[in-house]
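# Coordinate analysis (summary)
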Amino acid sequence: SRYYREVLPGEIVKISRHDVQTLDVVQTSEGDPSAFCIFEYVYFARPDSIFEGQMVYSVRRRCGQQLAIEAPVEADLVSTVPESATPAALGYAQKCGLPYVEVLCKNRYVGRTFIQPNMRLRQLGVAKKFGVLSDNFKGKRVVIIDDSIVRGNTISPIIKLLRESGAKEVHIRVASPPIRFPCYMGINIPTKEELIANRPEFYDLANYIGADSVVYLSVEGLVSSVQESIKERQKNNPTAQKPPGKIGHCTACLTGNYPVELEW
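Residues numbered from 1 in each chain as written. Predicted model: local features only at pLDDT ≥ 70, side-chain atom pairs only at ≥ 80, totals over all residues. Heavy atoms only, no water.

For the chain, the name recorded in an unreviewed UniProt entry is PUR1 Amidophosphoribosyltransferase, with Zosterops hypoxanthus as its organism.

## Looking at the pattern of salt bridges
Formally: By salt bridge we mean one thing: a side-chain nitrogen of Lys or Arg within 4 Å of a carboxyl oxygen of Asp or Glu. To sort residues, take the accessible area from a 1.4 Å probe on protein chains only and compare it with the maximum for the residue type: under 20% means buried, over 50% means exposed, and anything in between is partly exposed.
Scanning all chains against the criterion turns up seven salt bridges. Taking the shortest distance from any N to any O, the salt bridge between arginine 5 and glutamate 11 comes out at 2.7 Å. A relative accessible area of 11% means that glutamate 11 is categorised as buried. For arginine 199, the salt bridge goes to glutamate 201, with nearest N and O atoms at 3.4 Å. Note on arginine 199: relative accessible area 32%, which makes it partly exposed.

## Observations regarding the nonpolar core
Basically, it comes down to this: Joining through side-chain atoms within 4.5 Å is the link that ties buried Ala, Val, Leu, Ile, Met, Phe, Trp, Tyr and Cys residues into a set, and such a set is a nonpolar core. Secondary structure follows DSSP: runs of H or I at least 4 residues long count as helices, runs of E at least 2 residues long count as strands, and numbering of each begins at the N terminus. Any two residues whose heavy atoms approach within 4.5 Å at even a single point are treated as in contact.
Leu67, Val78, Tyr92, Val143, Ile145, Ile179 and Leu222 are the most contacted members of the largest nonpolar core, which has 31 residues in total. Elements supplying a minimum of two residues to this core: helix 1 (38-44), helix 2 (56-70), helix 3 (86-96), strand 9 (141-146), helix 7 (219-236) and helix 8 (252-255). Sort the elements by how many residues they give to this core and helix 2 lands first, with five residues. Leaving out residues up to four positions away in the same chain, tyrosine 92 has contacts with Gly64, Gln65, Leu67, Ala68, Ala71, Pro72, Val73, Val78, Val143, Ile145 and Arg173. By size, the runner-up hydrophobic cluster in this structure holds 28 residues, among which are Val101, Ile149, Ile158 and Ile209.

## Some remarks on the side chain of arginine 173
Tracing the chain through its elements places arginine 173 in strand 10 (residues 169-174). Leaving out residues up to four positions away in the same chain, arginine 173 has contacts with Leu67, Ala71, Pro72, Val73, Tyr92, Val143, Ile144, Ile145, Asp146, Ser213, Val214 and Val215.

## Observations concerning unusual backbone geometry
For the bond from proline 82 to glutamate 83, the omega torsion is -10°, close enough to zero to count as cis. Within the fold, glutamate 83 resides in the loop between strand 6 (77-80) and helix 3. One non-glycine residue with positive phi stands out, namely glutamate 52, at about 50°. Its place among the elements puts glutamate 52 in the loop between strand 4 (50-51) and strand 5 (54-55).

## Some words on helix 3
Within the sequence span of helix 3, burial applies to Thr86, Pro87, Ala88, Ala89, Gly91, Tyr92 and Ala93. As for helix 3, its buried residues are in contact with helix 2, strand 6, strand 9 and strand 10. One or two residues past the end of helix 3 sits glycine 97, with phi positive at roughly 75°.

## Quick look at the packing of helix 2 against helix 7
This is how it is decided: Axis lines are fitted to C-alpha atoms, over the contacting stretch for helices. Their N-to-C directions set the angle, which ranges from 0 to 180 degrees. Oblique is the label for any angle not under 35 degrees, not over 145, and not in the 65 to 115 range, which are roughly parallel, roughly antiparallel and roughly perpendicular in turn. Note on convention: the crossing is left-handed when the near helix lies turned anticlockwise from the far helix by less than a right angle, right-handed when the turn is clockwise.
Interhelical geometry of helix 2 versus helix 7 gives an angle of 135° and a closest axis separation of 9 Å. It follows that helix 2 is oblique to helix 7 by the angle criterion. Here the hand of the crossing between helix 2 and helix 7 comes out right-handed. Where helix 2 approaches helix 7, its residues Val59, Arg62, Cys63, Gln66 and Glu70 are matched on the opposing element by Gly221, Leu222, Ser224, Ser225, Val226, Glu228 and Ser229.

## Brief notes about the packing of aromatic side chains
Heads up, the condition is: In summary, the pairing rule links any two rings of Phe, Tyr or Trp, Trp by its six-membered ring, whose centres are within 6.5 Å, and it sorts them by plane angle into stacked for under 30 degrees, edge-to-face for over 60 and tilted for everything else.
Counted by the stated rule, this structure contains nine aromatic pairs. An angle of 80° between the planes, with centres 5.2 Å apart, marks the rings of tyrosine 43 and phenylalanine 44 as edge-to-face. Since its relative accessible area comes to 39%, tyrosine 43 is described here as partly exposed. A residue is classified by how much of its surface remains accessible, and phenylalanine 44, at 40% relative accessible area, is partly exposed. With a centroid separation of 5.9 Å and an interplanar angle of 80°, the aromatic rings of phenylalanine 202 and tyrosine 203 are classed as edge-to-face. Overall, phenylalanine 202 belongs to the buried group, its relative accessible area being 14%.

## Let's talk about the state of the cysteines
The condition is simple: Cysteine sulfur atoms that pair up within 2.5 Å are treated as a disulfide.
Using the criterion set out here, one finds zero disulfides in the structure. Cysteine 250 forms no disulfide, and the closest cysteine sulfur to it belongs to cysteine 37, at a distance of 6.4 Å.

As structure tokens, this is what we get:
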């Protein structure tokens, strides 16, 4: 297979053995910017996906670089919880001039943790899900890059595991902003009460999850990481798909600014 082009927002495409046809393009309201889900870039999409003319992997690496600018830390090495945050961790390490080192390896024989029926089983599942590469970090200060902390359940047992295996310090850096609001556009985000960013524990999050420090990427940092190469391309090619000023991303789960009026 080869990359042909993206389906436009509102476009209805018919694919047959003979050809690819556009049946219709549903127009947005005049003057409204598009509102592509920014969380696709952060978490949901495969890293080799191409959205808005850019590869998701490259955006995640830029998020890591931006995070290094916003939240540097005195440390010996940078790592990640395998493997969705790896591009961001590589970007962070590159920008900080620290080595990227693997500290955990995934146990391929353990199932998905988030489908366990309760929190205790989820946490036990997390502990069994990873093996520890202790020779790589014993006695060292470790920065762990995560792509998002939603409930805070998954990261705690991992930090405990690293400390018990000899990590001197464990600093958490999150390559996306805190999720605070529900999504009404189809992404299954937990209820407002379940989100760690809305709970009292959030104000002492490092202590709550057992880390030496925790810092999230800012909303502005995420938006600039996502839009940087789109703007660059527009500048170099004014006739590109999106006219200048029409870039738009939905940040509702982070900011509460929904792209459409919600009617109930």
